[in-house]
Amino acid sequence: MRQLGDVIPLPASVRSDPAADFRVPSGVSVSAAPAAAAVADELAGLLRRVTGFRVPRDDDGVIRLRLDETVDEAKSPESYRLDIAADGVTLSAPAAQGLFAGVQTLRQLLPETAQAEVVLPGGRIEDEPRFAYRGAMLDLARHFYSPADIRSYIDSIAQFKLNHLHLHLTDDQGWRLEIEGWPRLTEVSGGEGTGIDGQGPGHLTAAEYADLVAYGETRFVTIVPEIDMPGHVNAAQVAYPELTCDGEPVQPRTDAEVGYSSLCASKEETYAFVEDVIRVVAGLTPGPFLHIGGDEALSTTAEDYRTFMTRVLPMVGKYGKRAIGWHEMAAVELPPTAVPQFWRIEPVDAGVARAAENGHQVIMSPADRSYLDMKYDESSPLGLDWAGLLGVERSYDWDPADRLPGVGEESLLGVEAPLWSETLRSLADVEYMAFPRLVAIAEIGWTPRADRTWPSFRRRLGAFGPRFGAQGVNFHRSPEIDWT
Ligand code: TNX
């Protein structure tokens, strides 16, 4: 049996009571308020797998999921309380999100495979996230991943209480989301021969994207779509040459260069296109965020960048969304709700510090700590190394509130771990790069800062190995961890 605190991310408060261990009985059932039925069914499924019992849902189960009647405004909807006692288990939360988070905790307290007797450790966990935004990013432009792959990634990340999946949908090498009214974007730039070395073809239809959004909702993972501009747009310009300044056709690109393409800030066609795309993407996305890229616009003049962003940022608000952009965006005056996402390795950034001072929230994704496409060590078969090598301890042993002067705890919306796909070819490659480093970022985003230590994380991660195995997740058996 596991200890009550053997959970990743480590909960905010754990009080063990060894006298209160709960032996799951053969007649076990789960009861839940109607609004929590789906989460209860998920828990029943997990229990069925490890006990072999039927585990129905009824009104007087020994395992109870409760939505708290009293609404405490200060409480995160993701908070929960888990009471494990000799005569039953009660999980309570202010919202379904919190019950889902609690079920992810319970899942790790259960054995990973079927057992003759299943016992849960007694005591109480009271838990809530440090940051509201805890994300992963997947680059579909350099290599496309199928809806089945993306659903699988959602499943893998949700168990660590990550709650946003940012999809990098467009770049120089490919355009991966069907946009009504602009069919060539995906017909030409989402088809055969696109992606790095021509090896990552494919795109999401609008219906497939909507299905992914709905799937994410069942795992309380919000999809954050990114349309990268004004740079990283070669694929759009291949499909629609009128999007270049001179209107001349450009060639498809399958190399990994950055910084050579730009939308034309002085052309009205540019803004008609961009507004259409933002309108369509916002219409397909119930979540609050729309990411507009803004990074590495190395062939856009500073003045054009400002002109472009100043016109485009308000469009995001016009269609009801809150703009996220890579932190280069912070060089311009931002609408109050806009969120810069810091990605560089430098220890200071004047634009982000000014945005924070003006009350903006920031997402932290420093490449030298959170970029899952960096090699683990010299021997890594996949990955890049421009931000340095990134071992598991290095991905854990930092704090987002210390990363940039002027950007402290109160300025942080949260953390995100991006995974760029230049060297990746499959979901197995994605999993190899993400796991276990993404787990470190998940704990940084959830667990109170003062409670986090590398030795504790290292031990709990080592014990998680067999779970990855049972789930069929292709994790990297880093030599930094004693895997059990
Ligand atoms: C920088 S980080 C990029 C991407 C690359 C990545 C590779 C950022 C906002 N832009 O275009 O894929 O490095 O690590």
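Procedures and definitions
Residues numbered from 1 in each chain as written. Predicted model: local features only at pLDDT ≥ 70, side-chain atom pairs only at ≥ 80, totals over all residues. Near = placed C-beta within 6 Å. Nonpolar A, V, L, I, M, F, W, Y, C, P; charged D, E, K, R; others polar. Buried ≥ 20, exposed ≤ 12 C-beta atoms within 10 Å, placed from the backbone. Helix = DSSP H or I, 4+ residues; strand = E, 2+ residues; numbered from the N terminus. Pairing = 2+ DSSP bridges. Axes fitted to C-alpha atoms, helices over the stretch in contact; angles between N-to-C directions. Core = buried A, V, L, I, M, F, W, Y, C linked by C-beta atoms within 7 Å. Domains from an automatic or database assignment. Contact = placed C-beta atoms within 7 Å. Parallel < 35°, antiparallel > 145°, perpendicular 65-115°, else oblique. Left-handed = near helix turned anticlockwise from the far one by under 90°. pLDDT = per-residue confidence, 0-100. Expected span 1.5 Å × (residues − 1). Bend = angle between axes of the 7 residues up to and from the residue. Arc of directions from axis to C-beta.

Enquirer: How would you sum up the site of the ligand? Please name residues and give values.
Expert: Neighbouring the ligand are V258, D295, E296, W326, W343, Y371, D373, L384, W420 and E422. A per-class count over the shell around the ligand returns 6 nonpolar, no polar and 4 charged.

Enquirer: Just give me the short version of the pairing of strand β16 (residues 412-419), but keep the residues and values in it.
Expert: Taken residue by residue, a regular strand's side chains alternate between the two faces of the sheet. Counting buried positions over the 8 residues of β16 gives 8, a clear majority of the element. Pairing of strand β9 (residues 133-139) with β16, which is carried by 6 bridges, proceeds in the parallel orientation. Looking at β16, one finds that R134 is bridged to V415.

Enquirer: Residue-level account of the sheet that holds strand β14 (residues 339-342), with values.
Expert: Spatially, β9-β10-β11-β12-β13-β14-β15-β16 is the arrangement adopted by the 8 strands of the closed barrel, whose pairing is parallel. Averaged over neighbouring strand pairs, the angle between their axes works out to 30° when direction is ignored. Both strand β15 (residues 362-364) and β16 contribute to a ladder of 3 bridges, which runs parallel. When the bridges of β16 are listed, V362 appears paired with L412.

Enquirer: Account for unusual backbone geometry, naming residues and giving values.
Expert: Put simply, M229 and P230 share a cis peptide bond, and its omega is 5°. One can find P230 in the loop between β11 (222-229) and α6 (234-239). With omega at 20°, the peptide bond leading from F435 into P436 counts as cis. Summarising the element assignment, P436 is placed in the loop between α12 (427-434) and α13 (437-446).

Enquirer: I'd love a proper account of the nonpolar core, names of residues and values included.
Expert: In this structure, L99, L138, I157, V362, L419 and L438 are the most contacted members of the largest nonpolar core, which totals 146 residues. Mapping this core onto the domain boundaries places at least three of its residues in each of domain 1 (13-127) and domain 2 (133-449). With near-sequence residues (within four places) excluded, L138 lies in contact with Y145, Y153, L165, L167, H168, L419 and V430.

Enquirer: Talk me through the packing of helix α7 (residues 268-284) against helix α8 (residues 302-318); I want residue IDs and the actual numbers.
Expert: Packing of α7 against α8 brings their axes to within 10 Å, and their N-to-C directions diverge by 25°. By the angle between their axes, α7 is roughly parallel relative to α8. Here α7 runs over α8; the crossing is right-handed. Taking contact as the criterion, the partners of Y271, V274, E275 and I278 in α7 are, on α8, R311, V312, M315 and V316. Considering only residue class, the contact of α7 with α8 consists of 6 nonpolar, no polar and 2 charged.

Enquirer: Residues and numbers for the sheet that holds strand β6 (residues 88-93), please.
Expert: The pairing of strands in a sheet happens through backbone hydrogen bonds and is either parallel or antiparallel. Strand order in the open sheet formed by 6 strands is β1-β8-β5-β6-β4-β3, with mixed pairing between adjacent strands. Looking at strand neighbours, the two that pair on one side only are β1 (13-16) and β3 (30-32), the edges of this open sheet. Averaged over all pairs of adjacent strands, the angle between strand axes in this sheet comes to 10°, irrespective of strand direction. Looking at chain direction, β3 and strand β4 (residues 63-67) are connected through 3 bridges and run parallel. What sits directly across from A32, in β4, is L65.

Enquirer: With reference to specific residues and values, describe the confidence of the model for the protein chain.
Expert: This prediction gives the protein chain a mean pLDDT of 97; 99% of its residues lie at or above 70. The ipTM, which scores confidence in the relative placement of chains, is 0.96 for this predicted complex, and the corresponding pTM is 0.98.

Enquirer: Now, about helix α14 (residues 454-471): what can you tell me, with residues and values included?
Expert: Spanning 18 residues, α14 covers 25 Å between terminal C-alpha atoms, matching the ideal 26 Å at 1.5 Å per step. At F464, α14 shows its strongest bend, of approximately 35°, with the proline P466 following within four residues. Among the residues of α14, F457, R460, L461, F464 and F468 are the ones counted as buried. Against the buried residues of α14 lie α11 (392-396) and α13.

Enquirer: Give a description of the environment of E480 that names residues and reports values.
Expert: Along the chain, E480 turns up in the segment after α14. E480 sits 467 residues away from S13 along the chain, and the two C-alpha atoms are 27 Å apart. Residue contacts for E480: discarding those within four places in its chain leaves G391, V392 and E393.

Enquirer: Summarise helix α9 (residues 350-357); cite the residues concerned and give the values.
Expert: Along α9, the positions that sit buried rather than exposed are V352, A355 and A356. Projected down its long axis, α9 shows its buried positions confined to an angular sector of 100°, all on one face. Residues A350 and E357 are exposed on α9 and point more than 90 degrees away from its buried face. At its buried positions, α9 is contacted by β14 and β15.

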